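A closer look at the structure
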Amino acid sequence: LIEEFGDKFYTFLTFSSPHLGYLYPSNSLFKTGLWLVRKVRASACLDQLSLRDAADPKESFLSRLAQAPGLEHFQNVVLVSSFQDQYAPFESARMEMSRCVETDTAFGDVYRDMVKNLVEKIKPERLLRVDIDFFMPETNLDTMIGRAAHIQFIECQPLQRMFVHSYRWLF
């Protein structure tokens, strides 16, 4: 399909998607919850996002997906993220290197390769990273675990309107 339709791909746009998985979440509460859910309930998706779906992390689904062609066909690759969103690690949503890579002997090399494999396919002038800072005046469980910001990407209509208006050249 890529060979047939690749020249018609225009904009690849994601809102706070964990492209590099959940290896380095910055919120310890979220990290603990993720570990607990993986132990209690079998979830192929969470195993894949944790790069634990294969004995060798280099053979994990996300690692293999990062090697596959695709992003280079898009005229624009737009990665929208928020540091407040703890459901999708900031660097993972932006396809950027995490500082944690340097000390991680189990997954550091795989993560580094994934970033390289994804980003090197994209011409620099075609890559746009947009950071969103949500105004959240109250502190509650949702804001503490980063869920509130993640949900804002879906529910915040002013953000959606502003994005379409400000970046109309992407559509």
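Reading the values: the criteria
- Residues numbered from 1 in each chain as written.
- Predicted model: local features only at pLDDT ≥ 70, side-chain atom pairs only at ≥ 80, totals over all residues.
- Heavy atoms only, no water.
- Helix = DSSP H or I, 4+ residues; strand = E, 2+ residues; numbered from the N terminus.
- Polar contact = N/O pair within 3.5 Å; in protein donor to acceptor, adjacent residues only side chain to side chain.
- Contact = heavy atoms within 4.5 Å.
- Patch = residues over 30% accessible without salt bridge, like charges linked within 9 Å, V, L, I, M, F, W, Y side chains within 5 Å.
- Areas by Shrake-Rupley, 256 points an atom, 1.4 Å probe, with all protein chains shown as cover.
- Salt bridge = Lys/Arg side-chain N within 4 Å of Asp/Glu carboxyl O.
- Pairing = 2+ DSSP bridges.
- Axes fitted to C-alpha atoms, helices over the stretch in contact; angles between N-to-C directions.

Structural notes on the side chain of Ser82
- Here Ser82 is to be found in the loop between strand E2 (76–81) and helix H5 (90–94).
- A polar contact of 2.9 Å, which involves the side chain of Ser82, links it to the backbone oxygen of Ile132.
- If near-sequence neighbours (up to four positions away) are discounted, Ser82 is found in contact with Phe90, Ile132, Phe134, Ala149 and Phe153.

A word on a nonpolar patch on the surface
- A surface patch of nonpolar side chains, amounting to about 300 Å² of accessible area, comprises Leu29, Leu141 and Met144.
- Counting through the fold element by element, Met144 comes out in helix H7 (residues 141–144).

A look at the sheet that holds E2
- Across the sheet, 3 strands lie side by side as E1-E2-E3; this open sheet has parallel pairing. Every interior strand has two partners, whereas the edge strands, strand E1 (11–15) and strand E3 (127–131), have only one. Going from strand to strand, the sheet's axes swing by 10 degrees on average, the running direction of each strand aside.
- Bridge analysis of E1 against E2 gives 5 bridges, and the strand direction is parallel. Note on E2: the bridge partner recorded for Phe12 is Val77.

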